[in-house]
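# A look at the structure
Listed below are the residues making up each chain.
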Amino acid sequence: FADTVWSCTTDPSITVGTTSLTFKQLTPTALDAAGSTTYTITATNAWEQPAVSIVLPSAGTYLLFGRAAGAVEVSAISGNVAYVQTRLYDVTNAVEVPQSIAYTALTNRITSRVLGTSPFSTLYTVTASVTVRLEAQRTYDGSPAPTFTQSAIFENQSNIGYLKIG
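What this report covers is the structure whose coordinates are included nearby. (Residues numbered from 1 in each chain as written. Predicted model: local features only at pLDDT ≥ 70, side-chain atom pairs only at ≥ 80, totals over all residues. Heavy atoms only, no water.)

### Focus on the overall build of the protein chain
Assigned secondary structure in the protein chain consists of zero helices and 12 strands. Shown N-terminal to C-terminal, the secondary structure of the protein chain runs as helices and strands in the order β-β-β-β-β-β-β-β-β-β-β-β. Buried positions account for 40% of the 166 residues belonging to the protein chain. Residue pairs in contact within the protein chain that sit at least 24 positions apart in sequence constitute 79% of those at least 6 positions apart. (Helix = DSSP H or I, 4+ residues; strand = E, 2+ residues; numbered from the N terminus. Buried < 20%, exposed > 50% of the residue type's maximum accessible area, 1.4 Å probe, protein only. Contact = heavy atoms within 4.5 Å.)

Now the structure itself:
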């Protein structure tokens, strides 16, 4: 994700037989909202707030995209899976952005740190300007609970961008 904005001045069209189709050009705004450090997730099964967020400037439908980079490490695990999840959260309206949960890093064994990156994209419609942030949690499936030795989001490698499409 670069800080590049691109656009096209004409709408392309194609004719097939007697049918002509015109494709609406979109002007993407790729805003890189990366943080600057490593955020350590301290609680299990609770969403936390690394310093990665973006402001959607006005009402409309947006394609939100980006990536979350993180790590998980456990010192004790038995028959279950430990992982770091991420999601997008609309801070202004206090709601989860639909269809934005992703698994960033996971392990099912005692091992050295497992690193992961989860790209994401989702459509989101808002009625006014909102702030959207990346949230993360460490969690697990199965029993007993694992012993986490590290769970983190790398803010300097995670970001959110948007394209206003309507």
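After that view of the structure, there is still more to cover.
### Looking at the pairing of strand β11 (residues 147-154)
Of all the eight residues making up β11, six are buried; the element is thus mostly covered by neighbouring parts of the structure. Bridge analysis of strand β3 (residues 38-40) against β11 gives three bridges, and the strand direction is antiparallel. Residue pairing in the sheet places Tyr-39 in a bridge with Ile-153 of β11. In this sheet, β11 lies alongside strand β5 (residues 60-76) in antiparallel orientation, the contact comprising six bridges. Bridge assignment links Ala-76 to a residue of β11, and that residue is Thr-147. (Pairing = 2+ DSSP bridges.)

### Describing the side chain of Glu-155
Among the secondary structure elements, Glu-155 is positioned in the loop between β11 and β12 (159-164). One buried charged residue, Glu-155, remains without a salt bridge, the closest side chain of opposite sign being Arg-133 at 11 Å. (Lys, Arg positive; Asp, Glu negative; His and termini not counted. Salt bridge = Lys/Arg side-chain N within 4 Å of Asp/Glu carboxyl O.)

### Some thoughts on the side chain of Arg-87
Inspection of the secondary structure assignment puts Arg-87 in strand β6 (residues 81-90). The buried category is assigned to Arg-87, whose relative accessible area is 11%. Within polar-contact distance, the side chain of Arg-87 engages the side chain of Glu-96 at 3.0 Å. In this structure the side chain of Arg-87 is engaged in a polar contact, spanning 2.7 Å, whose partner is the side chain of Glu-135. Beyond its immediate sequence surroundings of up to four residues, Arg-87 is in contact with Trp-47, Glu-96, Ser-100, Ile-101, Arg-133, Leu-134 and Glu-135. (Polar contact = N/O pair within 3.5 Å; in protein donor to acceptor, adjacent residues only side chain to side chain.)

### Comments concerning the pattern of salt bridges
Scanning the entire structure with this criterion turns up three salt bridges. Note that Arg-87 and Glu-96 form a salt bridge whose closest N and O atoms lie 3.0 Å from each other. The class of Glu-96 is partly exposed, set by a relative accessible area of 33%. With a shortest N-O distance of 2.7 Å, Arg-87 and Glu-135 are connected by a salt bridge. Within this pair, whereas Arg-87 is found in strand β6, its partner Glu-135 is found in strand β10 (residues 130-141), the two being separated by 48 residues in sequence. In terms of burial, Arg-87 and Glu-135 fall into one category: buried. Connected via shared salt-bridge partners are Arg-87, Glu-96, Arg-133 and Glu-135.

### Focus on the packing of aromatic side chains
According to the stated counting rule, one finds two aromatic pairs in the structure shown. Look at Tyr-62 and Tyr-162: their rings are 5.3 Å apart centre to centre, the planes differ by 85 degrees, and that puts the pair in the edge-to-face class. Of this pair, Tyr-62 sits in strand β5 while Tyr-162 sits in strand β12, placing them 100 residues apart in sequence. Residues Tyr-83 and Tyr-103 carry aromatic rings whose centres are separated by 5.0 Å and whose planes lie at 70 degrees to one another, so their mutual orientation is edge-to-face. You can see Tyr-83 sitting in strand β6 and its partner Tyr-103 sitting in strand β8 (residues 102-107), a full 20 residues away along the chain. A residue is classified by how much of its surface remains accessible, and Tyr-83, at 6% relative accessible area, is buried. Residue classification places Tyr-103 among the partly exposed residues on the basis of a relative accessible area of 49%. (Phe/Tyr/Trp six-rings, centres within 6.5 Å; stacked < 30°, edge-to-face > 60°.)

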